[in-house]
Each structure stands twice: as structure tokens, then as C-alpha cells.
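Results of the structural survey
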Amino acid sequence: MAYLNNDQLNQMGFKRLGKNVKISDKASIYNSNEIEIGDNSRIDDFCVISGKISLGNYVHIAPHCLLAGGDLGVVMEDFSGLAYYVQVFSQSDDYSGSSLTNPTIPTKYKSEIKKQVYLRRHVIIGAGSIVFPGVDVAEGCSIGAMTLVSKSTEPWGIYIGNPAKRIKNRKKDLLVLEAEFLREINQ
């Protein structure tokens with residue numbers, strides 16, 4: 001995978017750009033002036049990142065993901081990640097038939113749902129999953145592959161299915177590893 005160099009990244013005009021950020025030269029980044037990226041974060045090939053986006057430290061976005069931040073935004077906190085083909089939406093058309101849909105239609109004829117999305121610390125979203133507007137995926141949650149997350153979750157759970165359903169608690173062992181890792185890099 002080829003990544004943009006520091007000069008190329010700085011020329012993109014990000015709202016905030018941390019240290020050691022890697023963005024594939026095949027990723028599509030729109031509205032970079034609304035995008036904040038923390039230290040040691042990585043965006044891989046064929047991702048589309050647009051609208052208001054805030055990425056914490058040590059965030060990974062695998063190939064072919066979509067982060068549609070729109071007006072209100074998507075926040076990915078430290079140590080969170082998206083596997084291949086995950087889609088996260090902060091806004092959506094109303095599919096009920098009560099309004100017109102799609103971006104070619106003037107706003108007065110549409111009824112869009114616009115709500116901020118949060119992916120908290122240590123959240124991992126499995127391949128092919130979709131996260132809807134207004135969802136808060138709580139700290140430590142693991143979302144299984146091809147899961148539809150239409151409602152907020154409770155912390156430290158493993159969720160799967162359509163719609164997402166909590167199947168068990170997720171271990172917190174990784175918090176010990178996080179503390180060890182941060183001590184090591186801060187020496």
C-alpha cells in the first residue's frame with residue numbers, strides 16, 4: 001500500500017493532523033477542512049471519508065470503508081477500528097415515501113435524518129457492517145461482521161446480526177495491554 005507523504009498530507013488542509021498519520025494515495029478524502037485526525041492513525045486503500053469527521057489516536061480504517069460525516073459528524077475515539085467494507089452514516093434520506101430522496105433534490109422537498117455518530121474507545125466494527133445516524137457504539141464494543149447497527153449499544157458487549165443484538169460481554173483484558181503499550185511508548 002502506498003501512503004501520502006507528509007507534504008501531501010499537509011497540503012490537503014485538514015482541520016487537525018496528528019503525527020505519524022498514514023493515508024493511502026488511493027483513498028478519497030472530501031471536506032478535509034472538517035476532518036481531524038489523531039496521532040498514529042491510518043486510512044487504507046479505496047476508503048471514502050467525507051464531511052465532519054474526528055479520528056482519535058491509533059484509529060484504523062481498513063480498505064473500502066465509507067465514513068459519511070455530513071453536517072453533524074462521525075467521531076471515532078482512540079484505539080477504534082473499522083474492518084473492510086464498513087459504512088458509517090451520520091445522515092440518511094427518509095425512505096418512508098413522505099418526501100423526495102437523493103442529493104439532487106432541493107432540501108425543502110426532502111426529510112433527512114441527521115444525527116452525530118460515536119464509535120467510542122476500543123470499538124471494533126466487523127467487515128461489511130453498517131452504522132446508522134445517531135448511533136453511539138459504547139466503549140469496548142465489538143460489532144460482528146455484516147451487522148446492522150441501528151440503535152446505540154451498551155459498553156463492553158459483543159453484538160451481531162440484523163438488527164444488532166448483544167450476545168455476550170467482551171473481555172476487558174485489552175485495557176491492561178493498552179496501559180502497558182502507553183507506558184512503553186512514553187518512556
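Below is a short write-up of the structure. Computed from a prediction, not measured in an experiment: that's the story for all the values here. (Residues numbered from 1 in each chain as written. Predicted model: local features only at pLDDT ≥ 70, side-chain atom pairs only at ≥ 80, totals over all residues. Heavy atoms only, no water.)

A short note on the overall build of the protein chain
Helix and strand counts for the protein chain stand at two helices and 22 strands. Whereas a compact globule of 187 residues would reach a radius of gyration of roughly 16 Å, the protein chain reaches 17 Å, a difference of no more than 12%. Referenced to the eigenvectors of the C-alpha coordinate spread, the extents of the protein chain come out at roughly 60 × 45 × 25 Å. Counting every position in the protein chain, which comprises 187 residues, the buried fraction comes to 40%. Put simply, 19% of the contacts in the protein chain that link residues at least 6 apart link residues at least 24 apart. Of the accessible surface of the protein chain, which amounts to about 10,200 Å², a share of 51% is contributed by carbon and sulfur atoms. (Helix = DSSP H or I, 4+ residues; strand = E, 2+ residues; numbered from the N terminus. Rg over C-alpha atoms; globule rule 2.2 N^0.38 Å. Buried < 20%, exposed > 50% of the residue type's maximum accessible area, 1.4 Å probe, protein only. Contact = heavy atoms within 4.5 Å. Areas by Shrake-Rupley, 256 points an atom, 1.4 Å probe, with all protein chains shown as cover.)

A look at the state of the cysteines
Tallying each qualifying case throughout the model produces zero disulfides. Here Cys65 is not cross-linked by a disulfide; its sulfur's nearest cysteine counterpart is in Cys47, at 4.9 Å. When its relative accessible area of 2% is taken as the criterion, Cys65 is described as buried. (Disulfide = S-S within 2.5 Å.)

Considering the packing of aromatic side chains
If you walk through the whole model with that rule in mind, you get three aromatic pairs. Arranged with centres 6.4 Å apart and planes meeting at 80 degrees, the rings of Phe79 and Phe181 form a pair that is edge-to-face. Of this pair, Phe79 sits in the loop between β10 (74–76) and β11 (81–82) while Phe181 sits in helix α2 (residues 173–185), placing them 102 residues apart in sequence. Look at Phe79 and you get partly exposed, because its relative accessible area is 22%. Residue class for Phe181 comes out partly exposed when judged on its relative accessible area of 31%. Each residue in the set Tyr58, Phe79 and Phe181 is aromatic and connected to the rest through ring pairs, giving one cluster. In this structure, Lys22 is placed above the aromatic ring of Tyr3, and the distance from its NZ or CZ to the ring centre is 5.8 Å. The ring of Tyr118 carries Arg120 above its face, with NZ or CZ at 4.1 Å from the centroid. (Phe/Tyr/Trp six-rings, centres within 6.5 Å; stacked < 30°, edge-to-face > 60°. Lys NZ or Arg CZ within 6 Å of the ring centre and 35° of its normal.)

Let's talk about the sheet that holds strand β6 (residues 48–50)
Read across the sheet, six strands follow the order β3-β6-β9-β12-β17-β20 without closing on themselves; strand pairing throughout is parallel. The outermost strands of the open sheet, each flanked by one partner alone, are β3 (28–29) and β20 (148–149). In this sheet, strand β17 (residues 130–131) lies alongside strand β12 (residues 87–89) in parallel orientation, the contact comprising two bridges. Its bridge partner lying in β17, Val88 is registered against Val131. (Pairing = 2+ DSSP bridges.)

So, the sheet that holds strand β15 (residues 117–119)
Here six strands make up an open sheet; going across it, the order is β1-β4-β7-β10-β15-β18 and the pairing parallel. Looking along the sheet, the strands with just one partner apiece sit at the ends: β1 (16–17) and β18 (136–137). When β1 meets strand β4 (residues 35–37), the two strands line up parallel, connected through two bridges. Bridge pairing in β4 links Arg16 to Glu36.

Read these as layout, nothing more, since geometry by itself doesn't imply function.
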